[in-house]
Amino acid sequence: MSLYTVKKIPDTSNYVRLPQALFDQFSDYHQISLGTEICNCQIKRTKEFQTIYVSSAIWERLGIPYESKVHVIPHEGILHIGPLVGIFTAGFTGSIIRPIGDRTLFFAKLLSTEKKVGAFTFIFGANHINWESGRIEGLFHSTDGWRKIEVPFPNVVYDRLPNRKTENHNILKNIKNKLQHEYLIPWFNPGFFNKWEIHKIFSTYPDVAGFLPETALNPTLDSIKALFSKYNSVYIKPINGSLGLGIHQVIKAADEEEWYCRFRKDEKNYLRKYKTLESLLRQQFQKETLEGFIAQQGIPLFRVEDKPIDFRIHTNKDETGIWQMSAIAAKVAGIGSVTTHLGSGGIVKTVDEIKKLIPVSYNIVEKLEEVVLVMSHILEKEIAGTIGEIGYDVGIDKNGRIWLFEANSKPGRSIFKHPKLKDYDQLSRSLPISFALYLTKRSIYEPEVLFQ
């Protein structure tokens, strides 16, 4: 669908002037909409080919934030322009220079894709909503920096709450519920994945069950010993952990008289030795049970310079609602690190760089893409809510077998610091806005399907 530039003209009338091609189709329309705001209007023609002129009176009533490129979605006498996409988050600082603290740059880059997609995109939180007026004081970003503009409630909300604790706040849960069910605004990427829930889901699908490490929930000394009867190392992870935090690797010495634990604490990597597995668990976790954790078999991964590597892969839904792989890169663990996370000293390499260092299959990208797309379809089907993006941590062992370590509903973007991943960076930033366009159309054309 073509993009049109929407421009304001100083006119107190209620005219909207359309290019000839649009005028021929919609000259009998009498309303125009942005987000949840609708205004009556009179349609006239303009000689401009790709420009829509809106009188200043209607411009103000609709709350159009600025002149930009937009889509036109016609339906039942209403010309919907936009979409208007709100990104919901928390942690605002009150500063207009760094309004979201350390995540300000992340959101600025995310919003920078709006012109390419054709949308108005802003971030907002609980305190920016005025329920009485039906308006939001959104934070928009341009080359001139951040500015606050009052706009209607959006067509779609993209959930980027920073963590589980914030997400479980009653005020934020009530906002989500109200916008979804009272205003019928599509909301995508709700919630954070639970490692055990993901494991259970995939275990029931033969196509992907073979990619799962053997896993024990709420592991006991006996269940961990059972894993060690088959494997030389075991990973113990918090079910709701992220960024590699709280992960411990337990290694059994060849003579079984000593046990080693690798972990990260206070931004340092540690390796400790214990005489028994019992003393290791007691000292490292300082609790009688490991409730809220899982234990998984260790995988003998491909290594570069004796450091294990795995792959971070992003999948996104696009403007047609179809899953695609939007990014892939390898992560090499830091010296002595329990994981490959960049925060633990890991480094990023492109797949082409990795292919020169280890004997992976020539079509490894295609194989990994096939796996994560199957997984994305499964999670979309099994998890409540609308999912638009997923990040996967996937490993390959020395026999070429693929293993899934984690699926993340709100993947980070640290891998894109690699200079050769710029194309992936742009694609994975623009696709959530493209998917918001898809959801906007569905909410206009098929609301009974979207909100059933």
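Procedures and definitions
- Residues numbered from 1 in each chain as written.
- Predicted model: local features only at pLDDT ≥ 70, side-chain atom pairs only at ≥ 80, totals over all residues.
- Heavy atoms only, no water.
- Helix = DSSP H or I, 4+ residues; strand = E, 2+ residues; numbered from the N terminus.
- Buried < 20%, exposed > 50% of the residue type's maximum accessible area, 1.4 Å probe, protein only.
- Contact = heavy atoms within 4.5 Å.
- Areas by Shrake-Rupley, 256 points an atom, 1.4 Å probe, with all protein chains shown as cover.
- Lys, Arg positive; Asp, Glu negative; His and termini not counted.
- Charge placed at Lys NZ, Arg CZ, Asp CG, Glu CD.
- Phe/Tyr/Trp six-rings, centres within 6.5 Å; stacked < 30°, edge-to-face > 60°.
- Lys NZ or Arg CZ within 6 Å of the ring centre and 35° of its normal.
- Axes fitted to C-alpha atoms, helices over the stretch in contact; angles between N-to-C directions.
- Parallel < 35°, antiparallel > 145°, perpendicular 65-115°, else oblique.
- Left-handed = near helix turned anticlockwise from the far one by under 90°.
- Pairing = 2+ DSSP bridges.
- Salt bridge = Lys/Arg side-chain N within 4 Å of Asp/Glu carboxyl O.
- Arc of directions from axis to C-beta.
- Core = buried A, V, L, I, M, F, W, Y, C linked by side-chain atoms within 4.5 Å.
- Domains from an automatic or database assignment.

1. Side note on the overall build of the protein
Line of reasoning, step 1. When helices and strands are counted, the protein shows 14 helices and 27 strands.
Line of reasoning, step 2. By principal-axis analysis of the C-alpha atoms, the protein measures approximately 85 × 45 × 40 Å.
Line of reasoning, step 3. The buried share of the protein, reckoned over its 452 residues, is 55%.
Line of reasoning, step 4. Long-range contacts, defined here as pairs at least 24 residues apart, represent 66% of the contacts in the protein between residues at least 6 apart.
Line of reasoning, step 5. For the protein, the accessible surface area stands at approximately 21300 Å², while carbon and sulfur atoms represent 49% of it.
Line of reasoning, step 6. Between the averaged position of the 57 positive side-chain charges in the protein and that of its 50 negative side-chain charges there is a distance of 4 Å.

2. Some details on the packing of aromatic side chains
Line of reasoning, step 1. Here the structure, examined in full by the defined rule, presents 17 aromatic pairs.
Line of reasoning, step 2. Geometrically, the ring pair formed by Phe263 and Tyr270 is stacked, given 5.3 Å between the ring centres and 15° between the ring planes.
Line of reasoning, step 3. The exposure class of Tyr270 is partly exposed, given its relative accessible area of 28%.
Line of reasoning, step 4. Taken together, a centroid distance of 5.8 Å and an interplanar angle of 15° make the contact between Phe435 and Tyr438 stacked. With Phe435 and Tyr438 both in helix α13 (residues 422-445), this residue pair falls three residues apart, about one helical turn. You'll find Phe435 and Tyr438 in the same group, each marked buried.
Line of reasoning, step 5. Connected via pairs of aromatic rings, a cluster forms that spans Tyr66, Phe88, Phe120, Phe122, Phe124, Phe140 and Trp187.
Line of reasoning, step 6. The positively charged end of Lys44 is found above the aromatic ring belonging to Tyr15, 4.6 Å away from the centroid.

3. Things to note about the packing of helix α9 (residues 221-228) against helix α10 (residues 277-285)
Line of reasoning, step 1. Where α9 meets α10, the closest approach of the two axes is 11 Å, and the angle between their N-to-C directions is 125°. It follows that α9 is oblique to α10 by the angle criterion. For the pair α9 and α10, the crossing hand works out as right-handed. Seen from α9, the contacting residues are Leu221, Ile224, Lys225 and Phe228; seen from α10, they are Leu277, Glu278 and Leu281.

4. Considerations on the sheet that holds strand β3 (residues 31-34)
Line of reasoning, step 1. The strand order across the open sheet formed by eight strands is β4-β3-β8-β7-β1-β6-β2-β5, and the pairing between neighbours is mixed. Taken across any chain shown, the strands that pair with only one partner, and hence form the sheet edges, are β4 (37-40) and β5 (42-46). Taken pair by pair, the neighbouring strands of this sheet meet at an average axis angle of 35°, ignoring direction.
Line of reasoning, step 2. One ladder, built from two bridges, connects strand β2 (residues 15-19) with strand β6 (residues 51-55); its direction is antiparallel. Of the residues in β6, the one forming a bridge with Arg17 is Tyr53.
Line of reasoning, step 3. Sitting on the sheet, α13 is in contact with β7 (68-75) and β8 (78-82), with an inclination near 25° to β7.

5. Digging into the pairing of strand β19 (residues 259-265)
Line of reasoning, step 1. The sheet contact formed by strand β18 (residues 248-252) and β19 spans four bridges and is antiparallel. Bridging across to β19, Ile251 finds its partner in Tyr260.
Line of reasoning, step 2. Note: β19 against strand β20 (residues 268-274), seven bridges, orientation antiparallel. Note on β20: the bridge partner recorded for Trp259 is Tyr274.
Line of reasoning, step 3. Once β19 ends, the chain turns through two residues before running back antiparallel as β20, passing Asp266 with a positive phi of about 55°.

6. Details of the pattern of salt bridges
Line of reasoning, step 1. Taken as a whole and judged by the stated rule, the model has 18 salt bridges.
Line of reasoning, step 2. Note that Arg160 and Glu389 form a salt bridge whose closest N and O atoms lie 3.1 Å from each other. Taken as a pair, Arg160 in the loop between β14 (156-159) and α5 (164-167) and Glu389 in strand β26 (residues 389-396) lie far apart in primary sequence, 229 residues in all.
Line of reasoning, step 3. Take Arg160: its relative accessible area is 10%, and that puts it in the buried class.
Line of reasoning, step 4. Its relative accessible area of 5% is what places Glu389 among the buried residues.

7. Some words on the sheet that holds β20
Line of reasoning, step 1. Across the sheet, six strands lie side by side as β16-β21-β17-β18-β19-β20; this open sheet has antiparallel pairing. Two strands lie at the open edges of the sheet, namely β16 (215-217) and β20, each paired on one side alone. Neighbour to neighbour, the strand axes of the sheet diverge by 20° on average, direction disregarded.
Line of reasoning, step 2. Sitting on the sheet, helix α7 (residues 195-203) touches β16, β17 (233-238) and β21 (293-297), and the angle it makes with β16 is about 125°.
Line of reasoning, step 3. In the packing of α9 onto the sheet, the strands contacted are β16, β17, β18, β19 and β21, and the crossing angle to β17 comes to about 140°.

8. Let's talk about α9
Line of reasoning, step 1. Inspection of α9 places Ile224, Leu227 and Phe228 among the buried residues, and these make up the whole buried set. Buried residues of α9, seen end-on, are gathered within an arc of 100° and therefore sit on one face of the element.
Line of reasoning, step 2. Taken together, the buried residues of α9 touch β17, β18, β19, α10 and β21.

9. Some details on the nonpolar core
Line of reasoning, step 1. With 43 residues, the main nonpolar core has Val16, Leu18, Ile32, Ile64 and Phe120 as its most contacted residues.
Line of reasoning, step 2. When residues of this core are assigned to domains, at least three fall in each of domain 1 (3-82) and domain 2 (85-185).
Line of reasoning, step 3. Contacts of Phe120, omitting those with residues within four sequence positions, involve Val6, Leu34, Ile64, Pro65, Tyr66, Ser68, Val70, Pro83, Leu84, Val85, Glu114 and Phe140.
Line of reasoning, step 4. Residues Tyr205, Ile313, Trp323 and Ile390 belong to the second largest nonpolar core, which totals 39 residues.

10. Details of α10
Line of reasoning, step 1. Taken together, the buried positions of α10 are occupied by Leu277, Ser279, Leu280, Leu281, Gln284 and Phe285.
Line of reasoning, step 2. On its buried face, α10 is in contact with α9, β17, β18, β19, β20 and β21.
Line of reasoning, step 3. Just downstream of α10, Gln286 is the residue with a positive phi angle, here 50°.

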